[in-house]
Amino acid sequence: MGLLARIRKEWFIIGIVVAIGCARLEPSVGVKGGPLRPEITVSYIAVSAIFLNSGLSLKTEELASALLHVRLHLFVQSFTLVFFPACIWLLVHILELTSMNQWLLRGLQTVGCMPPPVSSAVILTKAVGGNEAAAIFNSAFGSFLGIVVTPLLLLLFLGSSSAVPFSSIFSQLFMTVVVPLLIGQVLRRWLKEWLERARPPFGAVSSAVLLLIIYSTFCESFSRPDTHIDHLSLLLLCFIVFSVQLSFMLLTFVISTRPASGFSPADTVAIIFCATHKSLTLGIPMLKIVFAGDENLSLVCVYVCVCVCVYCQVFPC
């Protein structure tokens, strides 16, 4: 693979590095009250844009064909939104007995609470001949379910040190997540033929907007002189993410290939990709809303971003 082709393929990872570098050079641009006005452009416009884009891209009209495969859907959703975060919670409590950075552990728990990806699991399932209809259903349904479940999991496992009351948190979630998502679905019904013909780059658009959110978050982080990132902890985090992801993929493979499971080989492929993958695009905006005003939010995002960077390099999505 040539250099340009490699850059095109890994542009989002490169974009994260560039965004962090720019934030380090001139953090005053992206802080609250700065020229970028992140309290408006990021907290409301960028987050709403991501979920409007998700609403436009979710092919809910294709879900009927996979709706009756209840056993598979129940396994995937319970694994990714119940078993996965619960196991990470247990792992975090064990690691708390060590001298490991506590914010690293919060970042790890945050990754575990994130919803499944909107499109990457479908792409990977289709590429290796898996059950594409099941992947579409679980990606779409998991994204909708994650709007409610992910904030609750974050509050349950991490608590809320934000000064923002719960009513305000869920009010902002509704206005910037649920409403744009529903508007996107309504617009999709009117624009379906054009969308199928033009095939807009929904994933690239959401990722580009996400870079703005990451940039703003790191501007806030670097604007505080007391910010310190433990590089040894970051390296350790990379190893933990690799080990956890590989373990969960092997676990879903073993469970879904047992004769008593009733799953076909194509189902197994869909289960592996849908049950073990997490969405940075949907997760980070929710994280910023739930922990609005938390001065340590930036450090959590540092670890989340590193987790997902490693995850994308080892298990492309």
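This text goes with the structure placed above it.
Predicted, not measured: the structure shown is a model, and the values here were computed from it. (Residues numbered from 1 in each chain as written. Predicted model: local features only at pLDDT ≥ 70, side-chain atom pairs only at ≥ 80, totals over all residues. Heavy atoms only, no water.)

Help me understand the overall build of the chain, please; the structure alone is not making it clear to me.
What the chain contains, in helices and strands, is 13 helices and 0 strands. Listed N to C, the secondary structure of the chain is α-α-α-α-α-α-α-α-α-α-α-α-α in terms of helices and strands. Of all 317 residues assigned to the chain, the portion counted as buried reaches 52%. Accessible surface, the chain as shown: approximately 14900 Å² in total, 71% of it carbon and sulfur. (Helix = DSSP H or I, 4+ residues; strand = E, 2+ residues; numbered from the N terminus. Buried < 20%, exposed > 50% of the residue type's maximum accessible area, 1.4 Å probe, protein only. Areas by Shrake-Rupley, 256 points an atom, 1.4 Å probe, with all protein chains shown as cover.)

Explain unusual backbone geometry to me, please; I cannot follow it from the model alone.
If a residue is not glycine, its phi is most likely negative; likewise, a peptide bond is most likely trans. Positive phi outside glycine occurs at Arg37, with the angle close to 50°. For Arg37, the location among the structural elements is in the loop between helix H2 (11-25) and helix H3 (38-57). Arg37 sits in the partly exposed class, given a relative accessible area of 43%. Residues other than glycine seldom take positive phi values, yet Arg199 does so here, at roughly 50°. One can find Arg199 in the loop between helix H8 (166-198) and helix H9 (202-222). Given the relative accessible area of 62%, Arg199 is considered exposed.

Even after reading the chapter, I still don't get a nonpolar patch on the surface, so can you show me in this structure?
Residues Ile183, Val186, Leu187, Trp190, Leu191 and Trp194 make up a contiguous nonpolar surface patch of roughly 640 Å² in combined accessible area. Inspection of the secondary structure puts Trp190 in helix H8. The exposure class assigned to Trp190 is exposed, which follows from its relative accessible area of 75%. (Patch = residues over 30% accessible without salt bridge, like charges linked within 9 Å, V, L, I, M, F, W, Y side chains within 5 Å. Salt bridge = Lys/Arg side-chain N within 4 Å of Asp/Glu carboxyl O.)

It is not clear to me how helix H11 (residues 265-276) should be interpreted in this structure. Could you clarify?
An α-helix turns once every 3.6 residues. As a result, residues three or four positions apart point the same way. The end-to-end C-alpha distance of H11, which contains 12 residues, comes to 17 Å, matching closely the 16 Å that a straight helix rising 1.5 Å per residue would cover. Among the 12 residues that make up H11, 10 are buried, leaving the element largely enclosed by the rest of the structure. All buried positions along H11 are accounted for by Asp267, Thr268, Val269, Ala270, Ile271, Ile272, Phe273, Cys274, Ala275 and Thr276. (Expected span 1.5 Å × (residues − 1).)

Sorry if this is basic, but what is going on with the nonpolar core here?
As a rule of thumb, nonpolar side chains are buried together in soluble globular proteins. Membership of the largest hydrophobic core comes to 38 residues, with the highest contact counts inside it found for Ile50, Phe51, Val177, Leu210, Ile213 and Ile284. Where this core is concerned, the elements lending two or more residues are H2, H3, helix H7 (132-158), H8, H9 and helix H12 (280-290). Among residues more than four places away in sequence, those in contact with Phe51 are Thr176, Val177, Pro180, Leu181, Leu282, Pro285 and Met286. Phe84, Leu104, Met249 and Cys274 belong to the second-largest nonpolar core, a separate cluster that totals 32 residues. (Core = buried A, V, L, I, M, F, W, Y, C linked by side-chain atoms within 4.5 Å. Contact = heavy atoms within 4.5 Å.)

How should the pattern of salt bridges be read in this particular structure?
Should the charged atoms of two oppositely charged side chains come close, the side chains can pair. Inspection of the entire model under this criterion finds 2 salt bridges. Between Arg37 and Glu39 there is a salt bridge whose closest N-O contact spans 3.6 Å. The shortest N-O distance in the salt bridge between Arg188 and Glu196 comes to 3.1 Å. The class for Arg188 is buried, based on a relative accessible area of 3%.

Got a minute to help me understand the environment of Ile50 in this structure?
Along the polypeptide, Ile50 turns up in helix H3. Separated by 159 residues in sequence, Ile50 and Val209 place their C-alpha atoms 6.9 Å apart.

So what exactly am I meant to see when it comes to the environment of Ile183 here?
For Ile183, the location among the structural elements is in helix H8. Spatially, the C-alpha atoms of Ile183 and Leu52 are 6.7 Å apart, while their sequence positions differ by 131 residues.

What exactly am I supposed to notice about the environment of Ser43 here?
Counting through the fold element by element, Ser43 comes out in helix H3. Accessibility expressed as a relative area gives 24% for Ser43, which makes it partly exposed. With near-sequence residues (within four places) excluded, Ser43 lies in contact with Pro38, Gln172 and Thr176.

Whenever I open this one, the packing of aromatic side chains confuses me. Can you help?
How two aromatic rings sit relative to each other is set out by the distance from centre to centre and by the angle between their planes. One pass over the full model with this rule turns up 9 aromatic pairs. For the ring pair Phe79 and Phe83, a centre distance of 5.0 Å and an interplane angle of 40° mean the geometry is tilted. With a gap of 4 residues between them, Phe79 and Phe83 both fall in helix H4 (residues 70-95), about one helical turn apart. Relative accessible area serves as the criterion here: at 34%, Phe83 is assigned to the partly exposed category. On the basis of an interplanar angle of 85° and a centroid distance of 5.7 Å, the ring pair of Phe79 and Phe248 is categorised as edge-to-face. Highlighted residues: Phe79 in helix H4 and Phe248 in helix H10 (residues 231-256), separated in sequence by 169 residues. Judged by relative accessible area, which is 4%, Phe79 ranks as buried. For Phe248, a relative accessible area of 8% translates into the label buried. Members of the aromatic cluster, connected to one another through ring pairs, are Phe75, Phe79, Phe83, Phe84, Phe248 and Phe263. Lying across the ring of Phe84, Lys278 places its NZ or CZ 4.5 Å from the centre. (Phe/Tyr/Trp six-rings, centres within 6.5 Å; stacked < 30°, edge-to-face > 60°. Lys NZ or Arg CZ within 6 Å of the ring centre and 35° of its normal.)

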